[in-house]
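Structural characterization, general
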Amino acid sequence: ARTSSGGGGPGSLNLKQLYEKFKPGQELPPHYGRWQDWNFDMVPKFMMGNGLLVRVLVHTGVHKYLEFKAVDGSYVVKGGKTYKVPANDKDALRSSLMGMFEKYRARSFFIFVQDYEKDDPRTHKGYDLDVITSRELFKEYGLDPNTVDFIGHALALQTDDSFMDQPARKMVMAVKLYSESLARFETNSPYIYPLYGLGELPQGFARLSAVYGGTYMLAKPDAQVVYDEAGKACGVSSEGETAKAKYVVGDPSYFPGKVRRVGQVVRAICILSHPIPNVGDSHSVQIIIPQKQTGRQSDMYVFGCSFAHNVCAKGKYLAFVSTAVETANPTAELMPGLQLLGAIDEYFVQVSDVMEPVNDGSQDGCYISKGYDATTHFQSTVEDVLEMYKKITGKDVNLDADDPAATAGQEQ
């Protein structure tokens, strides 16, 4: 790996590294305290409590090397105001997001989702989710556009509205995953997040790999993929040494010429001296701003964490605002998210290319992950990793071999 943490480019930076990257040559402000106390995730994401990443961590045993904290709240923006996301039938009746009649219609929909079992036709209510579209299913329950908006974007975590005209199964199972994850923790959100930030993840995998005899070569900024005469990847070289391999797995930055740009993501890293307003003084929070609320083509995400997660100095809070780039002025695009944060001590903006592989790796032995999207959760990233595993081995990972509910998140 190029970095010392074992992660790729999007790892965690401490305060000193953050200033070197965004404000080279500038002194660190003394009021931020020790630079070692800060961990900024360059691609901030929460983990869904019952989701794919937690299941992978449990399946591999990496969860034993990490300590998690449940995230305090999950919110959605409607009409410029922030509302707690209702995720089940009881929440629907309490929510101020909907009027009285709409609450009962939403409650009926949530009961259908909670009861739905793929192998039990009695729970299907006559709907074939591989045929009926999400749009048609919402219509069956009489849900209004605002309700559809938060179900699709804040619960099913769709990044745009293309899901509306696709079969409803994926959306229904995503909402079901959300409410099952919520039920696992006695908090107001379905998410968990590791203490000390996401930089702990690659370190956890490195420790486990070492147990099984794996070798990690860290802090190798000059690492390059080596190819044989036929143009097939056969190893990785650094500082004159070459580690031989049958194939090479890596992120797009290691494979120039074998990837294409499919978009860009803009992220603002913000330092605050107070909790994000209007989310109940939460130390950790996700806020989703659906595309319709801003007149954009894609959603915007706000990710908040604090000193409670050991990622910044005591009394400080971190907020990250991210979205897909749609104009020539990406920083201005973040304004709807930045406006939710109140007073900002300082912020840093980064625009990243989202790359994806041109080929599937079967011919050249290069198995390349996709770039990180703007979402503040890991579902799409882990789907990509599991797909790569299948391409390499020809087999699916059986994540049901372990019960994640029994062993995941040591919530605090």
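Summarised in this report is the structure supplied together with it. Each chain has its residues counted from 1, following the order in which its sequence is written. Given that this is a predicted model, residues contribute local features only at a pLDDT of at least 70 and side-chain atom pairs are listed and counted only at 80 or more, while totals for whole chains, interfaces and linings are drawn from all residues. Hydrogens and waters are ignored; side-chain quantities use all the structure's heavy atoms.

Some thoughts on empty space enclosed by the protein
Within this scheme a cavity is a closed region of a 1 Å grid, computed over the protein atoms alone, that accommodates a 1.4 Å probe without allowing it to escape, whereas a pocket is open but has protein on both sides within 12 Å along at least five of seven lines; lining residues each have an atom within 4 Å of a point. Grid points are joined across faces, edges and corners, and a volume is the space filled by probe spheres set on the points. In total, this model carries 4 cavities of 30 Å³ or more according to the counting rule given. Here the largest cavity defines a volume of roughly 50 Å³. Taken together, V76, V77, K78, L97, N146, D149, F150, P290 and Q293 form the lining of the largest cavity. Those elements that provide at least two residues to the lining of the largest cavity are β5 (73–78) and α6 (145–155). In this description a helix means any DSSP run of H or I spanning at least four residues, a strand means any run of E spanning at least two, and both kinds are numbered starting from the N terminus.

A look at the packing of helix α2 (residues 52–60) against helix α12 (residues 379–393)
Every axis in this analysis is a line fitted to C-alpha atoms, fitted for helices over the stretch in contact. Angles between the N-to-C directions lie between 0 and 180 degrees. Contact geometry for α2 and α12: axes closest at 8 Å, N-to-C directions at 50°. Here α2 lies oblique to α12, going by the angle between them. On α12, the residues that touch L52, L53 and V56 of α2 are Q379, V382, E383 and L386. All amino acids are sorted into three groups, where Ala, Val, Leu, Ile, Met, Phe, Trp, Tyr, Cys and Pro are nonpolar, Asp, Glu, Lys and Arg are charged, and the leftover types, Gly among them, are polar. Broken down by class, the residue content of the contact of α2 with α12 amounts to 5 nonpolar, 1 polar and 1 charged. For classification, angles of less than 35 degrees are called roughly parallel, those exceeding 145 degrees roughly antiparallel, those between 65 and 115 degrees roughly perpendicular, and all remaining angles oblique. Contacts are residue-level and defined by heavy atoms, with any inter-residue pair within 4.5 Å sufficient.

Observations concerning the sheet that holds strand β6 (residues 81–84)
Two strands in a sheet stick together by hydrogen bonds in their backbones, pointing the same way (parallel) or opposite ways (antiparallel). Spatial ordering of the open sheet is given by β6-β5-β13-β14-β15-β12-β16, a layout of 7 strands whose pairing is mixed. The open sheet is flanked by β6 and β16 (346–357), the only strands paired with a single partner. Across the sheet, the axes of successive neighbouring strands diverge by a mean angle of 25°, strand direction being ignored. Most of the contacts of helix α1 (residues 15–22) go to β16, to which it runs at about 80°, and overall it touches β12 (259–272) and β16. By this definition, two strands are paired if DSSP reports at least two bridges between them.

Observations regarding the sheet that holds strand β7 (residues 191–194)
Pairing is antiparallel in the open sheet, where 3 strands are placed in the order β3-β7-β4. Of all the strands in the sheet, just β3 (47–48) and β4 (68–70) have a single pairing partner and so form its edges.

Focus on the pattern of salt bridges
What makes a salt bridge here is a side-chain nitrogen of Lys or Arg within 4 Å of a carboxyl oxygen of Asp or Glu, nothing more. Going through the model one piece at a time under the given rule, you end up with 20 salt bridges. One salt bridge in this structure joins E346 and K23, with 2.3 Å as the shortest N-O distance. Separated by 323 residues along the polypeptide, E346 in strand β16 and K23 in the loop between α1 and β2 (40–41) bring together distant segments of the chain. One salt bridge connects D120 with R122, and the closest N-O pair in it is separated by 3.1 Å. Salt bridges sharing partners connect three or more residues here, namely K84, D91 and R94.

Regarding a nonpolar patch on the surface
Patches here are clusters of residues that have more than 30% relative accessible area and form no salt bridge, with a 9 Å joining cutoff for like charges and a 5 Å cutoff for nonpolar side chains (Val, Leu, Ile, Met, Phe, Trp, Tyr). For the accessible areas, the method is Shrake-Rupley and the probe is 1.4 Å, while residue cover comes only from the protein chains on display. Together, L93, M100 and Y104 give the surface a local cluster of nonpolar side chains, amounting to about 300 Å² of exposed area. On the secondary structure map, M100 appears in helix α4 (residues 100–115).

Some details on the state of the cysteines
Disulfide assignment relies on a single distance test, namely cysteine sulfur atoms paired within 2.5 Å. This model, assessed by the stated rule, comprises 0 disulfides. Its sulfur unpaired, C312 is 6.5 Å from the next cysteine sulfur, which belongs to C305. Free of any disulfide, C366 has its nearest cysteine sulfur in C234, 9.8 Å distant. Using a 1.4 Å probe on the protein chains alone, a residue whose accessible area is under 20% of its type maximum counts as buried, one over 50% counts as exposed, and one in between counts as partly exposed. Looking at C366, the relative accessible area reads 2%, which means it is buried.

Details of the nonpolar core
Within the largest apolar cluster, 84 residues are counted, with the highest numbers of intra-cluster contacts made by M47, F109, L137, I151 and M171. In terms of residue count, helix α7 (residues 169–184) provides more of this core than any other element does, 7 residues in total. Setting aside its immediate chain neighbours within four residues, M171 contacts F109, S134, L137, F138, I151, A156 and F163. Within this scheme, the nonpolar core is defined by two criteria: the residues are buried Ala, Val, Leu, Ile, Met, Phe, Trp, Tyr or Cys, and they are joined through side-chain atoms within 4.5 Å. Judged by nonpolar contacts, the second largest core, of 21 residues, contains Y75, A268, V285 and V325.

A look at the environment of F185
With respect to the helices and strands, the residue F185 is situated in the loop between α7 and β7. Sequence separation of F185 and G49 is 136 residues, and the distance between their C-alpha atoms is 7.9 Å.

Points about helix α8 (residues 200–211)
An ideal rise of 1.5 Å per residue puts 16 Å on 12 residues; α8 measures up with 17 Å between its terminal C-alpha atoms. Burial in α8 covers these residues: E200, L201, P202, G204, A206 and L208. Next to the buried residues of α8 lie β3 and α2. Residue count minus one, scaled by 1.5 Å, sets the expected span of a helix.

Quick notes on the packing of aromatic side chains
Where two aromatic rings form a pair, the distance of their centres and the angle of their planes describe that pair. Each Phe, Tyr or Trp ring, with Trp reduced to its six-membered ring, pairs with another whose centre is within 6.5 Å; inter-plane angles below 30 degrees give stacked pairs, above 60 give edge-to-face pairs, and intermediate values give tilted ones. Under the criterion given, the structure shown has 19 aromatic pairs. Taking 5.6 Å as the distance between ring centres and 50° as the angle between the ring planes, the aromatic pair formed by F109 and F138 counts as tilted. Residue F109 is located in helix α4, and its partner F138 is located in helix α5 (residues 134–140); the two are separated by 29 residues in the primary sequence. Grouping residues by exposure puts F109 and F138 together as buried. With a centroid separation of 5.8 Å and 65° between ring planes, the pair formed by F112 and Y116 is classed as edge-to-face. Cluster of aromatic residues (ring-pair linked, three or more members): F109, F110, F112, Y116, Y127, F138 and Y141.

Observations regarding the environment of A245
Inspection of the secondary structure assignment puts A245 in the loop between β10 (241–244) and β11 (248–250). Owing to a relative accessible area of 33%, A245 belongs among the partly exposed residues under this scheme. Separated by 10 residues in the primary sequence, A245 and G235 have C-alpha atoms spaced 4.6 Å apart.

Focus: the side chain of D149
Inspection of the secondary structure assignment puts D149 in helix α6. Asp and Glu count as negative and Lys and Arg as positive, but His and the ends of the chain are not part of the count. Although D149 is buried, it makes no salt bridge; K292 carries the closest opposite charge, 4.2 Å away. Those residues within four positions of D149 in sequence are excluded, and the remaining contacts are A154, P290, K292 and Q293.

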